[in-house]
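Breakdown of the fold
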Amino acid sequence: MKVVFDDAQRRHDPKFFLSSGAPKPNPEQPRRADILLEAALRAGLERVVPADYGVGPVAAVHTPEYLQFLSTVFERWQHIENASEEVIPNVHPDRRDGAYPASAVGQAGYHIADTAAPIGAETWTSALRGAHSAVHAAQLVLEGENWAYALCRPPGHHAFRDLAGGFCFLNNSAIAAERLRRRHERVAIVDVDLHHGNGTQGIFYDRADVLTISIHADPVRFYPFFWGHADERGVGAGLGYNLNLPLPRGTGDDGFLQALDKGLERVAAFAPGALVIALGLDPSEADPLAGLSVTTKGFGRIAEHLAALHLPTVIVQEGGYICPPLGDNLLSFLDCFSLIYR
């Protein structure tokens, strides 16, 4: 099996985010990718570099207005006197159906939900190549691989069609699902990150061809706060095609797996042709974002339950931040997924 990763994905190097109003070093660091790549190679995966797919697969998910903003705003930001080193919003609209601002400052507020997604000189390049990793992994599966692992960095599941946030710029899981839709009438996304996949939910919320399921820390007191509640089921054609399974803070292996099994019952009822796993390793008991308490063995158990579906599968890396067991958590997941999928 393959791990898809491009060295350019390391070039995004954010310095800053606000946590409870206090400035802190951004935890979405390039070294995450080194740790995860080393673990994937220990699991026996073969590294491949994604092809250059251009902007097309990304534009299938994100608006052209947003992509133009992401690709140009850093250069425009440099012309603002006394501006911050990275593009960081300081104003947000209370509506999104009005006039579109011409200024970089106004557009930053419109297109970035929070202060955890600063845009630097290399952000667009890294995010685009991360998206290409997701596309390439999906293409491998379309061409006959049972499964492939896209080591996407920066992550993506908080990115909406036209909104960055939570360390995310391009929604890699959604991009992979859209690619799989070229062959499969129905695709399921199962998100096992610590945080709700609000961007993924938003992208597919009115669609019946992609089922979105997210198991995550209860947002009533945890990021992203405004999305991820159990009563969010979809709208229009998508009503009944979104399932959120929020968990109490501190939930460990058994509670997580119970919720996952509920989600997989819904997957079975949907009967998809392919699966995207939005793999967050931040539910770990040791993760610095500290929300859930999944063990290293627990990640292997999660993988076993997902692999038992025996669907063509793209595993897309989402969160999971630098802590002692980070690499071992991925190794546990990949080893167990490979063992059960045989």
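Let us look at the structure shown here. (Residues numbered from 1 in each chain as written. Predicted model: local features only at pLDDT ≥ 70, side-chain atom pairs only at ≥ 80, totals over all residues. Heavy atoms only, no water.)

Some words on the side chain of Asp-287
We apply this condition: Helix and strand assignments follow DSSP, with helices taken as H or I runs no shorter than four residues and strands as E runs no shorter than two, numbered in order from the N terminus. Buried residues are those whose accessible area, probed at 1.4 Å on protein chains only, stays under 20% of the maximum for their type, while exposed residues exceed 50% and partly exposed ones sit between those limits. The positive count covers Lys and Arg only, the negative count covers Asp and Glu only, and His and the chain ends enter neither. Salt bridge, as applied in this entry: a Lys or Arg side-chain nitrogen positioned within 4 Å of an Asp or Glu carboxyl oxygen. Here a polar contact is taken to be a pair of N or O atoms separated by no more than 3.5 Å, where protein atoms must pair a possible hydrogen donor with a possible acceptor and residues adjacent in sequence count only if both atoms sit in side chains. By definition in these notes, contact holds between two residues if any of their heavy atoms fall within 4.5 Å.
Tracing the chain through its elements places Asp-287 in the loop between strand 9 (274–279) and helix 9 (296–307). Buried and without a salt bridge, Asp-287 has Arg-32 as its closest oppositely charged side chain, separated by 7.3 Å. A polar atom in the side chain of Asp-287 sits 2.9 Å from the backbone nitrogen of Leu-289. A polar atom in the side chain of Asp-287 sits 2.9 Å from the backbone nitrogen of Tyr-321. Once residues within four sequence positions are removed from consideration, Asp-287 is found in contact with Leu-281, Asp-282, Gly-320, Tyr-321 and Cys-323.

Here we look at helix 1 (residues 31–42)
Which entries qualify depends on this criterion: Expected span of a helix, by definition, is 1.5 Å for each gap between consecutive residues, and there is one gap fewer than residues. As used here, the arc belongs to the directions running from the helix axis to the C-beta atoms.
A rise of 1.5 Å per residue sets the reference length of helix 1, with its 12 residues, at 16 Å; its end C-alpha atoms lie 17 Å apart and thus fit the reference within 8%. Listed in full, the buried residues belonging to helix 1 are Arg-32, Ala-33, Leu-36, Leu-37, Ala-39 and Ala-40. End-on view of helix 1: buried residues confined to an arc of 160°, all on one side of the axis. Along its buried surface, helix 1 packs onto strand 1 (2–4), strand 4 (46–48), strand 5 (147–150), strand 10 (313–317) and helix 10 (326–341). Count one or two residues on from helix 1 and you reach Gly-44, which has phi positive near 90°.

Some remarks on the packing of aromatic side chains
Note the cut-off: Pairs were defined over the aromatic rings of Phe, Tyr and Trp, the Trp ring being its six-membered one, requiring ring centres within 6.5 Å. Orientation was assigned from the angle between planes: stacked under 30 degrees, edge-to-face over 60, tilted for the rest. In this scheme, Lys NZ or Arg CZ marks a charge over a ring once it lies within 6 Å of the ring centre and within 35 degrees of the ring normal.
Summed over all chains, the structure comprises 11 aromatic pairs. Ring geometry for Trp-147 against Phe-337: centres 5.2 Å apart, planes inclined by 70°, an arrangement best described as edge-to-face. One end of the pair, Trp-147, is in strand 5; the other, Phe-337, is in helix 10, with 190 residues separating them in the sequence. In this structure Trp-147 comes out as buried when scored by relative accessible area, which is 3%. With a centroid separation of 6.1 Å and an interplanar angle of 90°, the aromatic rings of Phe-226 and Trp-227 are classed as edge-to-face. Site record: aromatic cluster; members linked through ring pairs are Phe-160, Tyr-223, Phe-225, Phe-226 and Trp-227. Note that Arg-186 overlies the ring of Phe-270, its terminal NZ or CZ placed 5.9 Å from the centroid.

Overview of the nonpolar core
How we decide: Only buried residues count toward a nonpolar core. Its members are Ala, Val, Leu, Ile, Met, Phe, Trp, Tyr and Cys residues joined through side-chain atoms within 4.5 Å.
Tyr-149, Ile-215, Ile-302, Phe-333, Leu-334 and Phe-337 are the most contacted members of the largest nonpolar core, which has 53 residues in total. Take this core: its biggest share by element is 8 residues, from helix 10. Excluding residues within four positions of it along the chain, Ile-302 makes contact with Val-192, Phe-256, Leu-257, Leu-260, Val-294 and Phe-333. In this structure, Val-61, Leu-67, Leu-70 and Ile-189 belong to the second largest nonpolar core, which totals 47 residues.

Describing the packing of helix 3 (residues 64–77) against helix 4 (residues 104–111)
Put simply, the rule is: Lines fitted to C-alpha atoms define the axes here, with helix axes fitted over just the stretch in contact, and angles between the N-to-C directions of these axes take values from 0 to 180 degrees. Orientation categories follow fixed angle ranges, with anything under 35 degrees roughly parallel, anything over 145 roughly antiparallel, 65 to 115 roughly perpendicular, and all other angles oblique. Definitions for this section: a left-handed crossing has its near helix turned counterclockwise from the far helix by less than a right angle. A right-handed crossing has that turn clockwise. In the scheme used here, Gly and all other residues not listed as nonpolar or charged are polar, with Ala, Val, Leu, Ile, Met, Phe, Trp, Tyr, Cys and Pro taken as nonpolar and Asp, Glu, Lys and Arg as charged.
Interhelical geometry of helix 3 versus helix 4 gives an angle of 135° and a closest axis separation of 10 Å. The orientation of helix 3 relative to helix 4 falls into the category oblique. Our pair here, helix 3 against helix 4, has a crossing hand that is left-handed. Two secondary-structure elements touch here, helix 3 through Glu-65, Tyr-66, Phe-69, Val-73, Arg-76 and Trp-77 and helix 4 through Ala-104, Val-105, Gln-107, Ala-108, Tyr-110 and His-111. Each residue belonging to the contact of helix 3 with helix 4 can be placed in one class, and the counts come to 8 nonpolar, 2 polar and 2 charged.

With respect to the pairing of strand 7 (residues 210–217)
Using the following cut-off: Here, strands pair whenever DSSP counts at least two bridges between them. Handedness of a crossover is defined as follows: with both strands directed away from the viewer, a clockwise route from the first strand across the helix to the second makes it right-handed.
Of all 8 residues making up strand 7, 8 are buried, and the element is well covered by its neighbours. As paired elements, strand 6 (residues 187–191) and strand 7 share 5 bridges and run parallel to each other. Among the inter-strand pairings, Ala-188 is bridged to a residue of strand 7, identified as Leu-211. Once the chain exits strand 6 it traverses helix 7 (residues 198–204) before rejoining the sheet at strand 7, and the crossover so formed is right-handed. Relative to strand 8 (residues 242–247), strand 7 runs parallel, the two sharing 6 bridges. The residue of strand 8 that forms the bridge with His-216 is Pro-246.

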